[in-house]
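Per-entry structural report
Given next are the chains, with one letter for each unit.
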Amino acid sequence: MKHGSSSESAVPTVTGFSPGFVALGLEAPLLATLETLGYEEPTPIQREAIPPLLAGRDLLGQAATGTGKTAAFALPMLQRLSHAARVRPSALVLVPTRELAIQVGEAVQRYGKELQVSVLPVYGGQAIGPQLHALKRGVDVVVATPGRALDHIRRGTLKLQEVRIVVLDEADEMLDMGFAEDLDAILVGTPKTKQTALFSATIPPRIRAIAHRHLQNPIEITIAKEPVKAGTAPRVQQTAHIVARPYRAAALARVIEVAGANSALVFCRTRLEVDEVTAMLTGRGHRAEAIHGGMSQGQRDRVMQAFKAGQTELLVATDVAARGLDIPQVSHVINYDLPSSAEIYVHRIGRTGRAGREGAAITILDPREQRLLRSIEQHTKARVAVLPIPSVSDLRARQLDRVQAAVEQVLRDGPLDAFKRLVERLSAHPPEEVAAAALKLLVRAQGGERQEQEIPVRPPEFGRSIREARHSDGRGHSGSSGVGRPPAGRTRQDKRTAEMARLYIGVGREAGIRPGDLVGAIANEARINSNAIGTIEIEHRFSIVDVPASMASGIIEVLGRARIKGRRVPVRLFRE
Ligand code: AMP
């Protein structure tokens, strides 16, 4: 990590960077990185959290995935570490799952690129040897799941006596997974003088208790406390599709094509995404143009004129670029990802459905962002129906519908004499054959014969299942905010996700089993993503876990050979 540049010396070099980030006290190396990433301005949680964290305060932040909270703690952490004498590790980030350890590790690495920070994700299920080597060599930031962190602490391979900053990320999920004691055991061995930040999507009493034990005089931050004022949220038909990251671009193209969006605003978070999405849509034959803060005024004016004149059908924009624009009524607002706050969401969708006309807002979101979606629903007092992503056959059917409508229109408009003569020249073929061939050409010209892949439908949300499980376990708390009501459209989603199998696992509460033990065992032994695991019920002597039916036999086989909490347990399909 580079050291020594004082904050004063950085000031003259920060001009030209995003004023929003400059105002928070971030310095040139980080500002340059944010510029490269195409971030135009801080999200609300970043605006609130970065200054106190830079000043060294402890922090209790209520924020869900998707609000930009990783950068909210990583940016001040990186800046503070760059000014301090190097100790290794100097920061520890605790997260509930291996996926998150990898994801947060990558994000910290990305934000710390200019500062050459070394980051190591440490999680269970991964061979311990390489972790031992890396820890021995020394890393600046360790991003770990609590169980594996404790394992290393007990082996003496993770030493936290000199750690300066500790972050507890998604603390409520860590507690749901039964990590409360592990967290206490880890934090007890850290210096009293460290800075601690705790982020959680909800702040129930048990999170408060942890904060009380481990945070000193923390500043408390809650984003979107105030519901959006009645009447300010526009009446727009709102739907969402939950799609895993790798399929997001394909899903965007799919929803645009199925919706037949011909004057739509597509919102992205960053400039980079705006450029990528525009290139992808143009490549599929759409008339799409980008607009973002990195473009000159002249370029932006030209893009806006083309959109207003109807020459462009899709305007792909960042929030900042769209803010000052006089954008005409559009048929659709499409969120390439969920915006980081309810206010921005309302602002975005307010671009459609104006003046009593019909409007539609379609949002594509990552499975981990479902909590943020529910918080947006609460704040806007509007329902967002979660629907399965349209299938390839849905797309084909819509394309044919549109061709039919277009042909009917041409028939109504007439005259068709010149074309009738062409049909006569083709009289060697029956007229229906000729008509069908002409339609085929039309469909082909509209991209209707392009090879399309099915986009996988996600299984139910993992966090939700755990909560249901705790409930049926008799120890649960009654649904914490926002998780109680299933989203509209759930029934269709359920139908597709019904291909789950129920596994009987012969170990239960009596043996001290917690949902996290089962998730860990299944995810690690069977090498499947923990998101794929459904509801978990823990009974006295056994547990029942829903897993994708296609994976059931493989899971039964490997779990039957593995140990759960140190013992071999019977695993089979559950029969009522
Ligand atoms: P998180 O809530 O930390 O998981 O972040 C959600 C997403 O928002 C990530 O893909 C980030 O890259 C992105 N992001 C975070 N902060 C900003 C920002 N200020 N502007 C644009 N995108 C951001």
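What this report covers is the structure whose coordinates are included nearby. (Residues numbered from 1 in each chain as written. Predicted model: local features only at pLDDT ≥ 70, side-chain atom pairs only at ≥ 80, totals over all residues. Heavy atoms only, no water.)

In this section: the overall build of the protein. The number of helices and strands found in the protein is 24 helices and 18 strands. Restricting to contacts in the protein with at least 6 residues of sequence separation, those with at least 24 account for 76%. Of the roughly 26400 Å² of accessible surface on the protein, a fraction of 53% belongs to carbon and sulfur atoms. (Helix = DSSP H or I, 4+ residues; strand = E, 2+ residues; numbered from the N terminus. Contact = heavy atoms within 4.5 Å. Areas by Shrake-Rupley, 256 points an atom, 1.4 Å probe, with all protein chains shown as cover.)

On inspection of all chains with the given rule, the structure shows 3 aromatic pairs. On the basis of an interplanar angle of 70 degrees and a centroid distance of 6.1 Å, the ring pair of Y39 and Y111 is categorised as edge-to-face. One end of the pair, Y39, is in the loop between helix 3 (28-37) and helix 4 (44-54); the other, Y111, is in helix 6 (residues 98-111), with 72 residues separating them in the sequence. Residue classification places Y111 among the buried residues on the basis of a relative accessible area of 6%. Aromatic pair F73 and F199: ring centres 5.6 Å apart, planes at 45 degrees, arrangement tilted. Placement of the pair is F73 in helix 5 (residues 69-83) and F199 in strand 6 (residues 195-200), with a sequence separation of 126 residues. A relative accessible area of 0% means that F199 is categorised as buried. The ring of Y111 has R110 lying over it, and the distance from NZ or CZ to the ring centre is 5.9 Å. Against the face of Y504 rests R572, its NZ or CZ located 4.0 Å from the ring centre. (Phe/Tyr/Trp six-rings, centres within 6.5 Å; stacked < 30°, edge-to-face > 60°. Buried < 20%, exposed > 50% of the residue type's maximum accessible area, 1.4 Å probe, protein only. Lys NZ or Arg CZ within 6 Å of the ring centre and 35° of its normal.)

Checked against the element boundaries, L158 lands in the loop between helix 8 (146-155) and strand 5 (165-168). The class of L158 is buried, set by a relative accessible area of 4%. Sequence separation between L158 and Q131 is 27 residues, and the spatial gap between their C-alpha atoms is 10.0 Å. Among all residues touching L158, those that are not within four sequence positions of it are P89, L135, V142, A149, H152 and I153.

With that settled, consider the pairing of strand 8 (residues 237-242). Within strand 8, 5 of the 6 residues are buried, leaving the element largely enclosed by the surrounding structure. Across 2 bridges, the pairing between strand 8 and strand 14 (residues 385-386) is parallel. Note on strand 14: the bridge partner recorded for A240 is V386. (Pairing = 2+ DSSP bridges.)

With parallel pairing, 7 strands are arranged side by side in an open sheet as 3-4-2-5-6-1-7. At either end of the open sheet lies a strand with only one pairing partner, and these are strand 3 (119-122) and strand 7 (219-222). Strand-to-strand, the axes of this sheet are offset by a mean angle of 15 degrees, without reference to chain direction. Of the strands in this sheet, strand 1 (59-62), strand 5, strand 6 and strand 7 are in contact with helix 11 (residues 205-214), which crosses strand 6 at around 175 degrees. (Axes fitted to C-alpha atoms, helices over the stretch in contact; angles between N-to-C directions.)

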